[in-house]
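Letter by letter, the chains look like this.
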Protein chains: 2
Amino acid sequence: MNWLRPLAAGGCRVPFGGQHLAPSCARRAFAAHPQNQVAEGVVKLQQPKAQPRTDEGKKNFILKTPKGTRDYSPKQMAIRERVFNTIISCFKRHGAEVIDTPVFELKETLMGKYGEDSKLIYDLKDQGGELLSLRYDLTVPFARYLAMNKITNIKRYHIAKVYRRDNPAMTRGRYREFYQCDFDIAGHFDPMIPDAECLKIVHEILSMLQLGDFLIKVNDRRILNGVFAVCGIPDSLFHSTCSTVDKLNKATWEDVKNEMVGEKGLSPEAADRIGEYVRLHAGGLGLIEQLVQDPKLSQNKLAREGLGDMKLLFEYLTLFGIADKISFDLSLARGLDYYTGVIYEAVVLQPQNAHREEPANMGSVAGGGRYDELVGMFDPKGRKVPCVGVSIGIERLFSIMEQEVEASKEKIRTTETQVLVATPQKNFLDVKLKLISELWDSGIKAEMLYKKNPKLLNQLQYCEDTGIPLVAIVGEQELKDGVVKLRVVATREEVDVRRENLIEEIKRRTCQP
Amino acid sequence: MNWLRPLAAGGCRVPFGGQHLAPSCARRAFAAHPQNQVAEGVVKLQQPKAQPRTDEGKKNFILKTPKGTRDYSPKQMAIRERVFNTIISCFKRHGAEVIDTPVFELKETLMGKYGEDSKLIYDLKDQGGELLSLRYDLTVPFARYLAMNKITNIKRYHIAKVYRRDNPAMTRGRYREFYQCDFDIAGHFDPMIPDAECLKIVHEILSMLQLGDFLIKVNDRRILNGVFAVCGIPDSLFHSTCSTVDKLNKATWEDVKNEMVGEKGLSPEAADRIGEYVRLHAGGLGLIEQLVQDPKLSQNKLAREGLGDMKLLFEYLTLFGIADKISFDLSLARGLDYYTGVIYEAVVLQPQNAHREEPANMGSVAGGGRYDELVGMFDPKGRKVPCVGVSIGIERLFSIMEQEVEASKEKIRTTETQVLVATPQKNFLDVKLKLISELWDSGIKAEMLYKKNPKLLNQLQYCEDTGIPLVAIVGEQELKDGVVKLRVVATREEVDVRRENLIEEIKRRTCQP
């Protein structure tokens, strides 16, 4: 039986496979594997929906987690740990510190940062005192933290849950509570050096997770700004046009154009002009040069700046040896308001897949960009701290991995227990308690059944079920001989070990230093 | 300079000291060290309190975290990691799995579980859909999880933030958002075996953290129930009388009696009868025997059960070799409604203290007990799952440790960076980028300054400031000779290492496998 340690350090080694995941932004949560949805369904069936809220103590109320949330079982936690360990080890390798912020912020801290998405913010009830809202991402709290503490230079990661009141009817399979894994670099530095490192980090993490081939799309808000300008779009429509263009990876150009003209009020001609640009993608230095030569675009200051930095970025990415996985893509716009420069989004092209034939639609698994104005919005004097960062779409990576484990029938350990203290004898509880506390006190991970007189068979079965590799058995004879019978669960081999050598022997057999 | 790794495995080795901490329940958060309060004060001063809420985008609003919450700086996070690692390693040693639950629950899930404290629950604004509240502890969500998933047998730990709208005016130095570290054992087992393990865990953690001498008070709700009964207290007043008795560790008997008679409506005689019992403490088997002989109490069924189990508990604690640190104390009542059997609370008597003479008042650092009815409150058929658990007062342990570090002037690393890639040359950015990506790709934790041409002195100073032990220096000469100059920051010793041996040499010098 192939047991896997939940907390194995470094990257995970199992192959991955994703299935039927709707595309979505990397800063969003993801479709759980079918089981979760079934389980949720079952609960709903058990509990009539229309049931009235009940008084204290009563038993008949709806037994469920809030809409859009879920519990993590020990097995899910073990899988999640693997993905987290891979990501955290990468963040640490790049010298990041870690911070934490409260789960809620003053409501006004979040106001005016998310554009159209602000309606998805959870507010707390006014119970007297301050008006509070649950954090919508980790970026705005980070900017608030920098301004509040007058920090002008930091490289930090932050892994925590964020909250969005998405309508599951609209966005199937998304969660309202989900994790974000953010890495950001703040400070006044030379252009594109931190930006390039963020892309290197995405490259490292996706490689370590072995999701198969992937592509990182990059663009720059200044280039988009220039494009829109030369197409005759007023600045007032910049953000809303961005969020429309951002739909190009899910919708056809026609749909996008209809939204531009119908909802956003662009002229059909302007929309068509935009179309000619934003359909230019899958390019590298060649496409950059082409745009630098573009008669109209080259007249636009912002576009020239953006294109110059994009060229520099590709030079650095080439030195990092990852340029082949990066694609300059004018159709990438990103939803959020606060981006001011380079933006990027990683997509897995076709997951490595040991268990299914057809390729799976994976969509985006990471995204981010530069936001140089956000900290200034909080600073009383408006002092700016340039920032660039990336967020890993952990929920998607997690659910892909979970499906893979499901499919592979791989057995996952949810504990690290090294030895079970057992006995064939009746009334040997006192002997077991003495022995197990010796083991605990020497750092051995040990368990025993909480019964006074469990059957030996049940004790051995417990090891089979939970993956405990060793059993320390004490009976009359062992007690008399001053030994403990050490049994290897996998091979059923048994050997008598002198009591005084037991701890050393267990450590040796479980490779613990 | 004595650098300490933030994530060093196992127990922490620095001495501890606490100062002027108000006593409080272990499931509550704690007084930050003075600095935090000062910092908070400063922020308040900077920001006129009466300032109006502002519109989107505006800069002049109150720049702060919500009342009763705080950010954790990288240094604070490094210290917190140490305490977490000690606690988690202990939980894992005892074979616990880990679960996670949403930060909010359906409002009715929390109703009727916390008695008088329910008024401290944070509610979310009704934005359509379900009525939600932030979790108040991790115990009720755990019980909901067991009932919802029909789990009858589990040993799990859960470390997460909980939320209580305490009035800081009343409870100075407490936080409204704070961490709990819970370990619980659920299932039908033989009496007091899991209960004894919970106490063993508290003993292990407090010993590993080296807080100095400590005492774990134990009592049993059934014994208290019997005591109140023979003193003529009606069952209806049981819980409120418990919460009054629970104040005995902070208030005098006179104050407690006044509350009983004045607020709770007990007769002075009944209060005096209670007083005779609850002032019996600091006992072990002797006190248990005395109460077993008590003519009135011995007539009470619940009291007899409780005393019988208490005797059994002490037998097991003696086998664990920790009975000397456990004290049977009739004045221990615990605040929460859901306890049904044994209850306990750990207090640090006098912290080990390298920096001050006078002993510090430490109060409670851990607490818990048995709650056999809680899961049944959620199960549609009322099926019970007996549970016993403990919660470690992590915020208090953390703030004590933080003060100690403050006092010891100990320098704490907030990153794990092994080497800084540096150069004395101008225009060597490309060389640095190539080298550092080689290091990253071989698992070396490496940083470089984000400037094109930083001064060598600044690069070396950065290592001094952040505790990076090695510098990899490449200039014209090194490049020509195919070597890298490896500098040991502490000794300033420099040695040329052939480029192909660099990674191996760095790993050797930083003891990385």
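Since we're looking at a predicted model, the values are computed, not measured. (Residues numbered from 1 in each chain as written. Chains lettered and ligands numbered in written order. Predicted model: local features only at pLDDT ≥ 70, side-chain atom pairs only at ≥ 80, totals over all residues. Heavy atoms only, no water.)

### Examining the packing of aromatic side chains
For step 1, the next point in the chain: Taken as a whole and assessed by the stated rule, the structure comprises 26 aromatic pairs over all chains.
For step 2, the next point in the chain: Each ring, one from A:Y122 and one from B:F104, has its centre 5.3 Å from the other, and the planes form 45 degrees; the classification is tilted. Note that A:Y122 is positioned in the loop between α3 (107-110) and β4 (132-134) and B:F104 in strand β3 (residues 104-106), a pairing that runs across two chains. The same class applies to A:Y122 as to B:F104, namely buried.
For step 3, the next point in the chain: Counting every residue linked through ring pairs, the aromatic cluster contains A:Y114, A:Y136, A:Y338, A:Y339 and A:Y371.
For step 4, the next point in the chain: In this arrangement the basic side chain of A:R80 is found over the ring face of A:Y72, its NZ or CZ atom lying 4.2 Å from the centre. (Phe/Tyr/Trp six-rings, centres within 6.5 Å; stacked < 30°, edge-to-face > 60°. Helix = DSSP H or I, 4+ residues; strand = E, 2+ residues; numbered from the N terminus. Buried < 20%, exposed > 50% of the residue type's maximum accessible area, 1.4 Å probe, protein only. Lys NZ or Arg CZ within 6 Å of the ring centre and 35° of its normal.)

### Some words on the interface of chain A and chain B
For step 1, the next point in the chain: On the chain B side, the residues contacting the 107 residues of chain A number 107 residues.
For step 2, the next point in the chain: Buried area between chain A and chain B, both sides added, is near 9600 Å², and the carbon and sulfur share of it is 61%.
For step 3, the next point in the chain: Here A:E416 makes a salt bridge to B:K92, at a shortest N to O gap of 3.1 Å.
For step 4, the next point in the chain: At the junction of chain A with chain B, the criterion picks out 44 residue pairs in polar contact (both at pLDDT 80 or more). (Contact = heavy atoms within 4.5 Å. Buried area = accessible area lost by both parts, 1.4 Å probe. Salt bridge = Lys/Arg side-chain N within 4 Å of Asp/Glu carboxyl O. Polar contact = N/O pair within 3.5 Å; in protein donor to acceptor, adjacent residues only side chain to side chain.)

### Brief notes about the relation of the copies chain A and chain B
For step 1, the next point in the chain: Superposing chain A onto chain B takes a rotation of 180 degrees combined with a translation of 0.0 Å along the rotation axis, leaving an RMSD of 0.1 Å. On the angle and the small slide along the axis, the relation comes out as a two-fold axis. (Least-squares fit on C-alpha atoms with pLDDT ≥ 70 in both.)

### A word on the UniProt feature "binding site: L-histidine" (unreviewed entry) in chain A
All names here are of chain A.
For step 1, the next point in the chain: The residues that UniProt annotates with the feature "binding site: L-histidine" (unreviewed entry) are D137, L138, T139, R164, Q180, D184, R334, Y338 and Y339.
For step 2, the next point in the chain: Classification of Q180 by relative accessible area gives buried; the value is 1%.
For step 3, the next point in the chain: For Q180, the side chain forms a polar contact with the main-chain nitrogen of L138, separated by 3.3 Å.
For step 4, the next point in the chain: Along the chain, the position of Y338 falls in the loop between β8 (326-328) and β9 (342-350).
For step 5, the next point in the chain: Polar side-chain contacts of Y338 include one of 2.8 Å to the side chain of D137. (UniProt positions renumbered as here; feature names shortened; annotations may be inferred.)

### A short note on the pairing of strand β11 (residues 387-392) of chain B
All names here are of chain B.
For step 1, the next point in the chain: For β11, the tally of buried residues reaches six of six residues, placing the bulk of the element in the interior.
For step 2, the next point in the chain: Burial along β11 is two-sided: C387, G389 and S391 and V388, V390 and I392, pointing in opposite directions, are all buried.
For step 3, the next point in the chain: Strand direction decides the pairing type here: strand β6 (residues 177-186) and β11, joined by six bridges, are antiparallel. Bridging from a neighbouring strand, I185 pairs with V388 of β11.
For step 4, the next point in the chain: Bridge count between strand β10 (residues 364-370) and β11: five bridges; the pairing is antiparallel. Looking at the pairing, G367 lines up with S391 of β11. (Pairing = 2+ DSSP bridges.)

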